[in-house]
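Survey of secondary and tertiary structure
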Amino acid sequence: TKETYDGPYRRFAALSRTYTSCSSFLPLGAFNHEGKISLRKLNKKININPIEMDGTFPLPEAQLDRFLMKIDLGYPDRDEELLILDRFLMDDPLVELAPVTSPERIVELQKKRGGITVAAPVREYIAALVGATRTNPKVRYGASPRGSLGLIKCAQALAFVRGREFVIPDDVKELAGPVLTHRLILKHEERAKGATAQAVIAEILGKVPVSSV
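None of these values were measured; they are calculated from a predicted model. (Residues numbered from 1 in each chain as written. Predicted model: local features only at pLDDT ≥ 70, side-chain atom pairs only at ≥ 80, totals over all residues. Heavy atoms only, no water.)

1. Focus: the overall build of the protein
Here is the rule: Here a strand is any run of E in DSSP of at least two residues, a helix any run of H or I of at least four, and the numbering for each starts at the N terminus. Relative accessibility thresholds used throughout: buried, under 20% of the residue-type maximum; exposed, over 50%; partly exposed, between the two (1.4 Å probe, protein chains only). Calculation of accessible area relied on Shrake-Rupley with a 1.4 Å probe; when residues are assessed, cover is drawn exclusively from the protein chains displayed.
From N to C terminus, the protein includes nine helices and four strands. Secondary structure elements of the protein occur, N-terminal to C-terminal, as β-α-β-α-α-α-α-β-α-α-β-α-α. Looking at the protein residue by residue over its 213 residues, the buried ones come to 36%. For the protein, the accessible surface area stands at approximately 13600 Å², while carbon and sulfur atoms represent 57% of it.

The following block contains the structure:
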């Protein structure tokens, strides 16, 4: 049965490059910017293999914007791959997976995240970064206010897990790529020239000053 949970900050989700169909995306449980999460036994995730994608199509831009972050995992490095081999050599550790936290603990941590200070200059820096995505000549459509909200909340979360009570510009810089790249729609001619959203965000980070923060 499907359960819907209302509460503060249910928005972390990994976003891959494309999806099987819009109809299959919706019931999977969208961690979205409307404060809701739809769950099916708490075990659904969105993780798409970019190989064997015949017959698939990208999500519409408006739906991509609902995801908080896009994280490209890539291949493991040599040490990580050796660790995988060691872990699976004798037994299957996936059989003995156990919860590492509880919904109540997550809610508690989310409340603490909301208490992390974001000074006015840092908020202005976030607004400047997101605003720059809307005026960049390579971009057809820039990030919406959801991008600003996502960036400030992720920066708070990063500061919290690093033991700080306040956000610094480096938190924002580190998260700008994962939070904003999937929200940019580049102009067709720029894409044909090889431009990427990642490169646009890197360019913006290099141009928007933080000296006043």
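2. Considerations on helix H5 (residues 120–135)
The condition is simple: A helix is expected to reach a length of 1.5 Å times the quantity of its residues less one. What the arc measures is the spread of directions leading from the helix axis to the C-beta atoms. By the convention used here, residues are in contact when the closest approach between their heavy atoms is within 4.5 Å.
Here H5 is 16 residues long and its end C-alpha atoms lie 23 Å apart, about the 22 Å a rise of 1.5 Å per residue gives. Restricting attention to buried positions, one finds in H5 the residues Val 122, Tyr 125, Ile 126, Leu 129, Val 130, Ala 132 and Thr 133. Axial view of H5: buried residues confined to an arc of 150 degrees, hence all on one face. Turned more than 90 degrees off the buried face of H5, the exposed positions are Glu 124 and Thr 135. Residues of H5 that are buried sit in contact with strand E3 (139–141), helix H6 (145–161), helix H7 (169–180) and helix H9 (197–207).

3. Regarding the pattern of salt bridges
Keep this limit in mind: Counted as salt bridges are all cases of a side-chain nitrogen of Lys or Arg within 4 Å of a carboxyl oxygen of Asp or Glu.
A full pass over the atoms with the stated rule returns 10 salt bridges. Close ionic contact of Arg 183 with Asp 65 constitutes a salt bridge, the shortest N to O distance being 2.8 Å. Here the residue Arg 183 occupies a position in the loop between H7 and strand E4 (185–186), and Asp 65 occupies one in the loop between helix H2 (61–64) and helix H3 (78–88), the gap between them amounting to 118 residues. Of the charged contacts in the structure, one is a salt bridge between Glu 108 and Arg 105, with a shortest N-O distance of 3.0 Å. Placement of both Glu 108 and Arg 105 in helix H4 (residues 103–114) is noted, with a separation of three residues, approximately one turn of the helix.

4. Brief notes about the environment of Lys 138
Inspection of the secondary structure assignment puts Lys 138 in the loop between H5 and E3. By relative accessible area, which is 30% here, Lys 138 ends up partly exposed. Residues Lys 138 and Val 200, 62 residues apart in the sequence, show an inter-C-alpha distance of 7.7 Å. Setting aside chain neighbours within four positions, we find Lys 138 in contact with Leu 186, Lys 187, Glu 190, Val 200 and Glu 203.

5. Let's talk about the nonpolar core
Short version of the rule: Side-chain atoms within 4.5 Å are what join buried Ala, Val, Leu, Ile, Met, Phe, Trp, Tyr and Cys residues into a set we call a nonpolar core.
Within the largest apolar cluster, 32 residues are counted, with the highest numbers of intra-cluster contacts made by Leu 129, Leu 151, Val 167, Val 172, Leu 175, Val 179 and Leu 180. Among the secondary structure elements, those contributing two or more residues to this core are H5, H6, H7 and H9. Residues within four places of Val 179 in sequence aside, it is in contact with Leu 68, Met 69, Gly 147, Gly 150, Leu 151 and Cys 154.

6. Some remarks on the side chain of Thr 181
Which entries qualify depends on this criterion: A 3.5 Å cut-off defines polar contacts: any pair of N or O atoms within that distance qualifies, except that in protein one atom must be a possible hydrogen donor and the other a possible acceptor, and neighbouring residues in sequence count only when both atoms are side-chain atoms.
Relative to the assigned elements, Thr 181 resides in the loop between H7 and E4. Within the structure, Thr 181 has its side chain in polar contact with the backbone oxygen of Gly 177 (distance 2.9 Å). Contacts of Thr 181, omitting those with residues within four sequence positions, involve Ala 176, Ala 197, Gln 198 and Ile 201.

7. A closer look at H4
With 12 residues, H4 extends 17 Å from end C-alpha to end C-alpha; this agrees with the ideal 16 Å at 1.5 Å per step. Within the sequence span of H4, burial applies to Val 107, Gln 110 and Arg 113. For H4, the angular spread of the buried residues around the axis is 115 degrees, confining them to a single face. Residues Glu 104 and Lys 111 are exposed on H4 and point more than 90 degrees away from its buried face.

8. Concerning a nonpolar patch on the surface
For clarity, the cut-off: Candidate patch residues must exceed 30% relative accessible area and have no salt bridge, after which like charges are joined if within 9 Å and Val, Leu, Ile, Met, Phe, Trp or Tyr side chains if within 5 Å.
A cluster of nonpolar side chains, namely Ile 84, Phe 88, Leu 94 and Leu 97, defines an oily patch on the protein surface of about 400 Å² accessible area. Within the secondary structure, Ile 84 sits in helix H3.

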